[in-house]
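This is what each chain is made of:
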Amino acid sequence: MKPSVSRLVIFAPNWLGDSVMALPAIADVRRAVPEASLVIAARASVAPLFSMVRGIDGVAILGETKKGRESFSRARHEKDSGPVFDVAILLPNSFQSALTAWRAGVPQRWGYRSDWRGPLLTQAIEPPSRVHQVEYYQRLVSALGFRNAHRPAQPQMSLSDELLETGTRELKGAGWDGRRPLVALAPGAAYGGAKRWPPASFAELARALADDGIQTVMVGGRGDLPIARAIEAALGGDVVLNLMATDLPTLAGILAACRALVSNDSGAMHLAAALGVRVTAVFGPTDEQVTRPAGDAHVVLTHPVWCRPCLMRECPIDHRCMKGIGVDRVVGAVRQML
């Protein structure tokens, strides 16, 4: 049964990759209640993603108060003597997200029963175990009465002409001639160093692709700049373009101009897949069954060792799960895609 909702806020996941994987669930909600006002509450780091997604009426930024509490000022305002929102759907599993919605006065708070937050929820759904993250979010909204249009679904995004032009302009400004096929490299990963394929391996990959006439471009956030510098130092020449530290919409425009992406398990990986870019993903400590890029067009490479997936931020031994993935395997996957 479709819920009766007129003013709805969806709390987005905290990480870029998870927010991309939540897009099919958000689309399910939008289709089910096309007449409702739908706002996304998101951290500042991922909020720009939703400015590129159709069917969303607004984005509210989640911040922190001086006491360290998450605040949601938009929901605190009142309209017609009532709260701005009737319902909050909580995609993050955290206690904090439920507490924030409760403090903001949203009367209906729906989400998975997790992190000891059950008493704060007005509808608490038991979470499934070890399903792909796209399905995880879709199962939640389905259990809440919003029918899944497709399952399993693939996150999909289409960019404006302006963003596509911005991506092309950035690439040409960095030295792309506009003709050579482009392959993006995303050597960073926000969760920790264990998720990162070694910089020396990325450098060897860039050199091999350059020998094939392929232009590579490094993409990522400001925190990935030291990795980019290590790759450039290993190359010792102008083999790869460096477009690190761009904002999220510009990153999307750059990725859309590329024929393929080579990435660790990262937000850039999911963003590229949602834009229709074919991805070769290198997985080490994380579980590819849960967070691999959605769809059949992508290649996931792993090295079978007894300790993976350990889900640790840093490897306490010799990082064998990532070091064991040879550059030749990655080159072969990219060549097959192109």
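As the structure is a computational prediction, the values presented were derived from the model and not from experiment.

Each value, and the rule that gives it
Residues numbered from 1 in each chain as written. Predicted model: local features only at pLDDT ≥ 70, side-chain atom pairs only at ≥ 80, totals over all residues. Heavy atoms only, no water. Salt bridge = Lys/Arg side-chain N within 4 Å of Asp/Glu carboxyl O. Helix = DSSP H or I, 4+ residues; strand = E, 2+ residues; numbered from the N terminus. Phe/Tyr/Trp six-rings, centres within 6.5 Å; stacked < 30°, edge-to-face > 60°. Buried < 20%, exposed > 50% of the residue type's maximum accessible area, 1.4 Å probe, protein only.

## Brief notes about the pattern of salt bridges
Here the structure, examined in full by the defined rule, presents eleven salt bridges. For Arg 30, the salt bridge is made with Asp 57, and the minimal N-O distance between the two is 3.2 Å. Note that Arg 30 is positioned in helix α2 (residues 23-32) and Asp 57 in the loop between α3 (47-50) and β3 (58-64), a separation of 27 residues in sequence. A salt bridge links Asp 287 to Arg 130; the nearest nitrogen and oxygen atoms lie 3.0 Å apart.

## A closer look at unusual backbone geometry
In this structure, the amide linkage connecting Arg 308 to the following residue, Pro 309, adopts the cis form with an omega of -5°. At Ala 245, a residue that is not glycine, the phi angle is positive and equals roughly 65°. Following the sequence through the fold, Ala 245 ends up in the loop between β12 (240-244) and α10 (248-256). Unusually for a residue other than glycine, His 319 sits at a positive phi of about 55°. Along the chain, His 319 falls in the loop between β15 (299-301) and α13 (320-323).

## Topic: the packing of aromatic side chains
For the coordinates displayed, the defined rule picks out four aromatic pairs. An angle of 45° between the planes, with centres 4.6 Å apart, marks the rings of Tyr 112 and Tyr 136 as tilted. Of this pair, Tyr 112 sits in strand β8 (residues 108-112) while Tyr 136 sits in helix α6 (residues 133-143), and the two are 24 residues apart along the sequence. Each member of the pair, Tyr 112 together with Tyr 136, is buried. An aromatic cluster is defined as three or more aromatic residues linked by ring pairs; in this entry it consists of Tyr 112, Tyr 136 and Tyr 137.

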